[in-house]
Amino acid sequence: MAIRVQAPKLLKNLRYFTRALNSASTTSISAVSPLNFDEKPEPTIEKPAANRLGSSVLDINDHEKLFSLLSTTKLIRAAANLHLAAVEPLVDFGIWVMNSRLMDIDLAREVVMCTVRHSFYEHFCAGESAPEATDCVRRVNDAGLRGMLVYAVEHTDDVSECEQNLQGFLQTVQSAKSLPPESASFVIAKISAICPMSLLQRVSDLLRWQQRDPSFNLPWKLNNFPLFSDCSPLYHTLQKPEPLTLQEENELQSAQQRLQKLCQECLEANVPLTVDAEDTFVQPAIDYVTYNAALSNNKAGKPIVYNTIQAYLKDAKERLFLATEAAEKMGVPMGFKLVRGAYMSSESKLAASLGFDSPIHNSIQETHACYNDCASYMLEKIADGSGAVVLATHNVESGQLAAAKATDLGIKGDQKLEFAQLYGMAEALSYGLRNAGFQVSKYMPFGPVDKTIPYLLRRAEENRGFLSASSLDRQLMRKELMRRVNAAVM
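Residues numbered from 1 in each chain as written. Predicted model: local features only at pLDDT ≥ 70, side-chain atom pairs only at ≥ 80, totals over all residues. Heavy atoms only, no water.

Peer 1: Could you give an account of the nonpolar core, naming the residues involved and the relevant values?
Peer 2: As a rule of thumb, nonpolar side chains are buried together in soluble globular proteins. Counting residues in hydrophobic clusters, the biggest one holds 146 residues, and the most contacted among them are Leu-338 and Leu-391. Among the elements that line this core, the one with the most residues is helix 14 (residues 364–383), at eight residues. Leu-391 has contacts with Leu-338, Tyr-371, Ala-375, Leu-379, Ala-402, Leu-417, Glu-418, Phe-419 and Ala-420, leaving out every residue within four places of it along the chain. (Core = buried A, V, L, I, M, F, W, Y, C linked by side-chain atoms within 4.5 Å. Buried < 20%, exposed > 50% of the residue type's maximum accessible area, 1.4 Å probe, protein only. Helix = DSSP H or I, 4+ residues; strand = E, 2+ residues; numbered from the N terminus. Contact = heavy atoms within 4.5 Å.)

Peer 1: Residues and numbers for the sheet that holds strand 6 (residues 388–392), please.
Peer 2: Think of a sheet as strands paired side by side through backbone hydrogen bonds, with each pair either parallel or antiparallel. Spatial strand order, 1-2-3-4-5-6-7-8: eight strands in a closed barrel with parallel pairing. Adjacent strand axes in the sheet meet at a mean angle of 30 degrees when their direction is disregarded. Taken together, the two bridges between strand 3 (residues 273–275) and strand 4 (residues 305–310) define a ladder with parallel strand orientation. Its bridge partner being in strand 4, Leu-273 is matched across the sheet by Val-305. Running at roughly 160 degrees to strand 8 (residues 440–446), helix 7 (residues 130–142) makes contact with strand 1 (146–151) and strand 8 of the sheet. (Pairing = 2+ DSSP bridges. Axes fitted to C-alpha atoms, helices over the stretch in contact; angles between N-to-C directions.)

Peer 1: Talk me through the packing of aromatic side chains; I want residue IDs and the actual numbers.
Peer 2: Aromatic ring pairs are defined here through the distance separating the ring centres and the angle between the ring planes. Within this structure, the stated rule accounts for twelve aromatic pairs. Ring plane angle 75 degrees and centroid distance 6.3 Å describe the contact between Phe-67 and Tyr-431, whose orientation is recorded as edge-to-face. Residue Phe-67 is found in the loop between helix 3 (63–66) and helix 4 (72–85), and its partner Tyr-431 is found in helix 16 (residues 427–435); the two are separated by 364 residues along the sequence. Just as Phe-67 is buried, Tyr-431 falls in that class too. Where Phe-120 meets Phe-124, the ring centres are 5.5 Å apart and the plane angle is 90 degrees; that geometry is what we call edge-to-face. (Phe/Tyr/Trp six-rings, centres within 6.5 Å; stacked < 30°, edge-to-face > 60°.)

Peer 1: Lay out the confidence of the model for the chain in plain terms, naming residues and giving numbers.
Peer 2: A low pLDDT means the predicted coordinates there should not be read in detail. Residues at a pLDDT of 70 or more form 87% of the chain, whose mean pLDDT is 86. Here residues 1–19 scores under 50 on pLDDT; set against residues more than four positions off or in separate chains, the count is 48 contacts. Residue range residues 22–55 is modelled with pLDDT below 50. Its contacts to residues more than four positions away, or to other chains, number 115 contacts. (pLDDT = per-residue confidence, 0-100.)

Peer 1: How would you explain unusual backbone geometry if you had to name every residue and give the values?
Peer 2: Although it is not a glycine, His-155 sits at a positive phi angle of roughly 55 degrees. Despite not being glycine, Glu-182 has its phi angle at roughly 75 degrees, a positive value. Tracing the sequence through the fold places Glu-182 in the loop between helix 8 (159–178) and strand 2 (184–189). Look at Glu-182 and you get partly exposed, because its relative accessible area is 48%.

Peer 1: Explain the pattern of salt bridges to me, and be specific about the residues and the numbers.
Peer 2: Tallied over the entire structure, the rule returns 19 salt bridges. The shortest N-O distance in the salt bridge between Glu-427 and Lys-442 comes to 2.7 Å. Placement of Glu-427 in helix 16 and of Lys-442 in strand 8 is noted, with a sequence separation of 15 residues between them. Each member of the pair, Glu-427 as well as Lys-442, is classed as buried. (Salt bridge = Lys/Arg side-chain N within 4 Å of Asp/Glu carboxyl O.)

Peer 1: Tell me what's going on with the environment of Tyr-377, and back it up with residues and numbers.
Peer 2: Relative to the helices and strands, Tyr-377 is located in helix 14. Using a relative accessible area of 0% as the deciding quantity, one classes Tyr-377 as buried. Put simply, Tyr-377 and Leu-320 are 57 residues apart on the chain and 9.2 Å apart in space, counted from C-alpha to C-alpha.

Peer 1: Mind laying out the packing of helix 4 against helix 6 (residues 106–124), listing which residues take part and the relevant values?
Peer 2: Two numbers describe how helix 4 lies on helix 6: the axes approach to 10 Å, and their chain directions differ by 110 degrees. If you check the angle between helix 4 and helix 6, you find them roughly perpendicular. Crossing hand, helix 4 versus helix 6: left-handed. Facing Arg-77, Ala-78, Asn-81, Leu-82 and Ala-85 of helix 4, the residues of helix 6 in contact are Ser-119, Phe-120, Glu-122, His-123 and Phe-124. Residue classes in the contact of helix 4 with helix 6 are distributed as five nonpolar, three polar and two charged. (Parallel < 35°, antiparallel > 145°, perpendicular 65-115°, else oblique. Left-handed = near helix turned anticlockwise from the far one by under 90°. Nonpolar A, V, L, I, M, F, W, Y, C, P; charged D, E, K, R; others polar.)

Peer 1: For helix 14, give the residues involved together with the corresponding values.
Peer 2: With 20 residues, helix 14 extends 29 Å between its outermost C-alpha atoms, agreeing within 8% with the 28 Å of an ideal straight helix rising 1.5 Å per residue. Most of helix 14 sits inside the fold, with 16 of its 20 residues counted as buried. Just past helix 14, the residue Gly-385 takes up positive phi, approximately 95 degrees. (Expected span 1.5 Å × (residues − 1).)

Peer 1: Before we move on, can you summarise a nonpolar patch on the surface with the specific residues and values?
Peer 2: Where nonpolar side chains cluster on the molecular surface, the patch consists of Phe-93, Trp-96, Leu-102, Ile-105, Leu-107 and Val-111 and spans about 640 Å² of accessible area. Contributing elements (two or more residues each) for the nonpolar patch: helix 5 (88–98) and helix 6. Here Leu-102 lies in the loop between helix 5 and helix 6. (Patch = residues over 30% accessible without salt bridge, like charges linked within 9 Å, V, L, I, M, F, W, Y side chains within 5 Å. Areas by Shrake-Rupley, 256 points an atom, 1.4 Å probe, with all protein chains shown as cover.)

Peer 1: Now, about the side chain of Asn-298: what can you tell me, with residues and values included?
Peer 2: Structurally, Asn-298 can be placed in the loop between helix 11 (283–297) and strand 4. Among the polar contacts listed, one links the side chain of Asn-298 to the backbone nitrogen of Val-305, at a separation of 2.8 Å. A polar side-chain atom of Asn-298 sits 2.9 Å from the main-chain carbonyl oxygen of Pro-333. Residues contacting Asn-298, with those up to four places away along its chain left out, are Pro-303, Ile-304, Val-305, Val-332, Pro-333 and Met-334. (Polar contact = N/O pair within 3.5 Å; in protein donor to acceptor, adjacent residues only side chain to side chain.)

Peer 1: An account of the side chain of Asn-297 is requested, with residue identities and associated values reported.
Peer 2: Turning to its location among the elements, Asn-297 is positioned in helix 11. For Asn-297, a relative accessible area of 5% corresponds to the buried category. Looking at Asn-297, its side chain comes within polar contact range of the side chain of Gln-260, at 2.9 Å. Apart from the residues lying within four places of it in its own chain, the contact partners of Asn-297 are Gln-260, Cys-263, Gln-264, Leu-267, Ile-304 and Val-305.

Peer 1: Tell me what's going on with helix 18 (residues 471–489), and back it up with residues and numbers.
Peer 2: Spanning 19 residues, helix 18 covers 27 Å between terminal C-alpha atoms, matching the ideal 27 Å at 1.5 Å per step. Residues of helix 18 that are buried: Ser-471, Leu-472, Asp-473, Arg-474, Gln-475, Leu-476, Met-477, Glu-480, Leu-481 and Arg-484.

Peer 1: For the pairing of strand 7 (residues 417–422), give the residues involved together with the corresponding values.
Peer 2: Extensive coverage of strand 7 is indicated by the burial of six of its six residues. In strand 7, alternate side chains face the same way, and those of Leu-417, Phe-419 and Gln-421 on one face and Glu-418, Ala-420 and Leu-422 on the other are all buried. In terms of strand pairing, strand 6 meets strand 7 through four bridges, oriented parallel. Residue pairing in the sheet places Ala-392 in a bridge with Ala-420 of strand 7. Note that the unit made of strand 6, helix 15 (residues 396–409) and strand 7 has a crossover that is right-handed. Bridging between strand 7 and strand 8 involves four bridges; their strand directions are parallel. Opposite Leu-422, over in strand 8, you have Tyr-443 as the bridge partner. As a crossover connection, the stretch from strand 7 through helix 16 into strand 8 is right-handed. (Right-handed = clockwise from strand over helix to strand, strands pointing away.)

Pasting the structure below:
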């Protein structure tokens, strides 16, 4: 039976949340994507939020200093790709082609894949293989950043594929180990790559039903952190599910053994593992197996296993509080990656189809506030000597606020604090944080082009339009290229 911690009704009254980040007006929208890793942002304005905050912790306006370690060739290439991504009709056409039956025609597929490989793929991905990815990490490291190695596989229902994907993750850990110390900050994995999706859904249904009815017995369930809060959505499971069959229990045990093998490899390589968040209909099972792995492997004050919290979910803040409090009571160091969210469209559509409210905050301002509160909470935890966090954000204001608070708390150089942005995106924020003295990583997916298509489609959606996630980067890159041209002419 999981440890139960009384869920607070209003977390904003807690000490950690009353000492929140001193955000600027929520009516302001920053120049960088408000949603981080996998969701299309709302339109933004050009004036960077950092200017309005009046803080000198981050400087994201000095394009010469920001891009001082980047070659002109790389700048030109990056600017060209981001400008192409801003042309909405072009992106719309590309997305339509990728989802059309044209991809079933060999010649058309070959042409499309070749085009993708030499444009979006090269910009947003670290390579097709682990050796290519490690070379890319070295280049990023030369620019003062670290790399999060992401073997880009997800969503399988085939057990043999789960085993194959595990081997890919294990090879990724070895690749991270081969790099210079501290070059690779994390290895990233999705549980849906090593546990069948259908089983994740079955386990999630059972866990949700037990949340509804605590007397509902789950004989396979191990001691764990709380998986739900009082406001967690349970509408995915409207009828009492059948117990797991013996075969399903064995498959769940096999999936946990795969994850444990990956954790052990990370422990031996001294490279932390972060488990990505996925859709809410399978997230309870993902949290369950992730926390089990954390209980087994997070020891000696250093988290090896990190879970991910999506701040666009209404229950995110309470679930984060409940899990960290339970971890503290059990003496288990726990790390989290904070993101805004990755599945906005699918989550809202599913909830609406079942006649329920979306599990996502009603406004982007509420999502911003939740993210900043969660960041403040984890920074306080680090300052108190417990917890670890990866602040994954493309939002300039969130980055500025967190950097200022970390500086005030005296934890700027703490090894348990990491900022992160996607490879190929939010370059200004990444280099601004690096120049301010923080540890900064790039989320670097790799794998064959066809395996990365879901990821690349999300990047295309995120960058479409001239007021997209890349607007600030495009503006600053253009200024820096013009400066270099003028300098060469002079």
